[in-house]
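Take a look at the letters that make up each chain.
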Amino acid sequence: PTGLKRPASQNSRLRPSAETLREIFTAEVTKMLPMPVSVRETHRAERILKVGSSERLSLPDESVNFVLASPPYCTRIDYAMATSAELSLLGFRHASGFDQLRRNLMGSATVPKVHPAALPSWGSTCLEFLARLKNHTSKASETYYYKNHLQYFSSLSSSIREIGRVLRFDGKCVVVVQDSYYKDLHNDLSVMLTEMADSSGLIMEGRSDFPLTRTMAGINPAAKGYRDSFGATESVLLFRKSTSSVAQQINNIPNVV
């Protein structure tokens, strides 16, 4: 895992001034401002910003026209720790709420005492990957790493199912994902997500791949014992909702003899 580390003492902490923070923030926002005039034209519309769990969206069924998502990649990056500086500016403190936030994030490096069970709706590619991971000869594959991946795929599947619930018929969804490796096992997240989406009534209509030559995995010298290449592929997946939630519920009812 990568991320920031808490200093051993307060004397070793970085203490940028408020003016420095304002300058950095202003510079970053300025980079995002330039855009075509047609995009910059204003349209009167209601804008509502909410924060919540992707597994339990506070939205009615079939109420959304378009979804744009970039879920955490399955790389065991501790996003809460990696963004702890930004979270502190938003008011999160290690003593109040931070630990709970960290444990609830998709892709969390922490593992709960009770882990979820793998489900058929996750798709054959995901289930095969999990089986190979569990039986891998490397240390803690059957324990920590298996449970960690179960937690990730459970959260991802629930989030995709929620997108299928709130998206209107013929609504579009764009998801950005990246593949990765567990030792020498290829974690083809784009294929896994596509299979999960299919069970939620989301049909893939397009895909664009962007190869990456440098990744965080290449920093770890121990990884070279499992493979020679450390590149990755970032994929932009376009889905369309092909069924209504009512039809979905009917299709999901098991046959009774």
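Keep in mind that what you see is a predicted model, and the values were worked out from it rather than measured.

Colleague: Whenever I open this one, the overall build of the chain confuses me. Can you help?
Modeller: Summing up its helical and strand segments, the chain has nine helices and six strands in all. Out of the 257 residues belonging to the chain, those deemed buried represent 30%. Taking the contacts inside the chain whose residues are at least 6 apart along the sequence as the reference set, 78% of them involve residues at least 24 apart. Working note: accessible area of the chain is about 17100 Å², and carbon and sulfur atoms make up 56% of it.

Colleague: Even after reading the chapter, I still don't get the packing of aromatic side chains, so can you show me in this structure?
Modeller: Centre-to-centre distance and the angle between the planes together describe a pair of aromatic rings. Counted under the stated rule, the structure contains four aromatic pairs. Residues Tyr-144 and Tyr-145 carry aromatic rings whose centres are separated by 5.0 Å and whose planes lie at 80° to one another, so their mutual orientation is edge-to-face. On the basis of relative accessible area, Tyr-145 is assigned to the buried category, the value being 17%. Here the aromatic rings of Tyr-152 and Phe-153 are separated by 5.4 Å at their centres, their planes lie at 80°, and the arrangement is edge-to-face. Using a relative accessible area of 1% as the deciding quantity, one classes Tyr-152 as buried. Counting every residue linked through ring pairs, the aromatic cluster contains Phe-129, Tyr-152 and Phe-153.

Colleague: How do you make sense of the pairing of strand 6 (residues 232-241) when you look at a structure like this?
Modeller: Looking along a regular strand, one sees the side chains alternate between the two faces of the sheet. Alignment of strand 2 (residues 167-178) against strand 6, held across seven bridges, turns out to be antiparallel. When the sheet's bridge partners are listed, Val-174 is paired in strand 6 with Leu-238. One ladder, built from ten bridges, connects strand 5 (residues 202-212) with strand 6; its direction is antiparallel. In the sheet register, Phe-210 faces strand 6, and the bridge partner there is Glu-234.

Colleague: Please explain the state of the cysteines as it appears in this structure.
Modeller: Cysteine pairs can be covalently joined through their sulfur atoms, and such a bond is termed a disulfide. Taken as a whole and judged by the stated rule, the model has zero disulfides. Here Cys-74 stays free of any disulfide, with the sulfur of Cys-126 as its closest cysteine sulfur at 8.6 Å. Exposure remark for Cys-74: the relative accessible area of 9% places this residue in the buried category.

Colleague: Help me understand the side chain of Asn-148, please; the structure alone is not making it clear to me.
Modeller: Mapping Asn-148 onto the fold places it in helix 7 (residues 141-166). Leave out the neighbours within four places in its chain, and Asn-148 touches Arg-76, Ser-108, Ala-109, Thr-110 and Val-111.

Colleague: Which parts of the structure should I look at to understand the nonpolar core?
Modeller: For soluble globular proteins, the rule of thumb is that nonpolar side chains tend to be buried together. Counting residues in each nonpolar core, the largest one holds 32 residues, and the members touching the most others are Phe-153, Leu-156, Leu-193 and Phe-239. Of the residues forming this core, the biggest block, nine residues, is contributed by helix 7. Leave out the neighbours within four places in its chain, and Leu-193 touches Leu-156, Ile-160, Val-175, Val-177, Leu-237 and Phe-239.

Colleague: Help me understand the environment of Ser-157, please; the structure alone is not making it clear to me.
Modeller: Relative to the assigned elements, Ser-157 resides in helix 7. Residue class for Ser-157 comes out buried when judged on its relative accessible area of 6%. In the structure, Ser-157 is positioned 39 residues away from Met-196 in sequence and 6.2 Å away in space, judged by C-alpha atoms.

Colleague: It is not clear to me how the sheet that holds strand 6 should be interpreted in this structure. Could you clarify?
Modeller: Strand pairing in a sheet takes place through backbone hydrogen bonds and is either antiparallel or parallel in direction. Taken in spatial order, the four strands make up an open sheet running 1-2-6-5, and their pairing is mixed. Of all the strands in the sheet, the pair left with one neighbour each is strand 1 (64-69) and strand 5. The mean angle between the axes of side-by-side strands here comes to 10°, regardless of whether they run parallel or antiparallel. Of the strands in this sheet, strand 2, strand 5 and strand 6 touch helix 8 (residues 189-198), which is tilted by about 15° from strand 6.

Colleague: How do you make sense of the packing of helix 6 (residues 124-134) against helix 8 when you look at a structure like this?
Modeller: Packed helix pairs are specified by the crossing angle of their axes together with the interaxial distance, meaning the distance between the axes. Interaxial distance between helix 6 and helix 8 falls to 7 Å at its minimum, and their mutual angle equals 130°. Put simply, helix 6 runs oblique to helix 8. Between helix 6 and helix 8, the contacting residues are Ser-124, Thr-125, Cys-126 and Phe-129 on the first element and Val-191, Met-192, Glu-195 and Met-196 on the second. Residue classes in the contact of helix 6 with helix 8 are distributed as five nonpolar, two polar and one charged.

Colleague: Any chance you could explain the side chain of Lys-241 here in plain terms?
Modeller: With respect to the helices and strands, Lys-241 occurs in strand 6. Salt bridges are absent for the buried Lys-241, whose nearest opposite-charge side chain, Glu-62, sits at 4.0 Å. A polar side-chain atom of Lys-241 sits 2.6 Å from the main-chain carbonyl oxygen of Gly-164.

Colleague: Mind showing me how you'd approach helix 6 here?
Modeller: In an α-helix, one full turn covers 3.6 residues, which means residues spaced three or four apart are oriented alike. All of the buried residues in helix 6 are Cys-126, Phe-129, Leu-130 and Leu-133. Looking straight down helix 6, one finds that the buried residues subtend no more than 100° of arc, so they occupy a single side. Exposed residues on helix 6 whose side chains face more than 90 degrees from its buried face are Ser-124 and Glu-128. In this fold, the buried residues of helix 6 make contact with helix 7, strand 3 (180-182), strand 4 (185-187) and helix 8.

Thresholds, definitions, all that
Residues numbered from 1 in each chain as written. Predicted model: local features only at pLDDT ≥ 70, side-chain atom pairs only at ≥ 80, totals over all residues. Heavy atoms only, no water. Helix = DSSP H or I, 4+ residues; strand = E, 2+ residues; numbered from the N terminus. Buried < 20%, exposed > 50% of the residue type's maximum accessible area, 1.4 Å probe, protein only. Contact = heavy atoms within 4.5 Å. Areas by Shrake-Rupley, 256 points an atom, 1.4 Å probe, with all protein chains shown as cover. Phe/Tyr/Trp six-rings, centres within 6.5 Å; stacked < 30°, edge-to-face > 60°. Pairing = 2+ DSSP bridges. Disulfide = S-S within 2.5 Å. Core = buried A, V, L, I, M, F, W, Y, C linked by side-chain atoms within 4.5 Å. Axes fitted to C-alpha atoms, helices over the stretch in contact; angles between N-to-C directions. Parallel < 35°, antiparallel > 145°, perpendicular 65-115°, else oblique. Nonpolar A, V, L, I, M, F, W, Y, C, P; charged D, E, K, R; others polar. Lys, Arg positive; Asp, Glu negative; His and termini not counted. Salt bridge = Lys/Arg side-chain N within 4 Å of Asp/Glu carboxyl O. Polar contact = N/O pair within 3.5 Å; in protein donor to acceptor, adjacent residues only side chain to side chain. Arc of directions from axis to C-beta.

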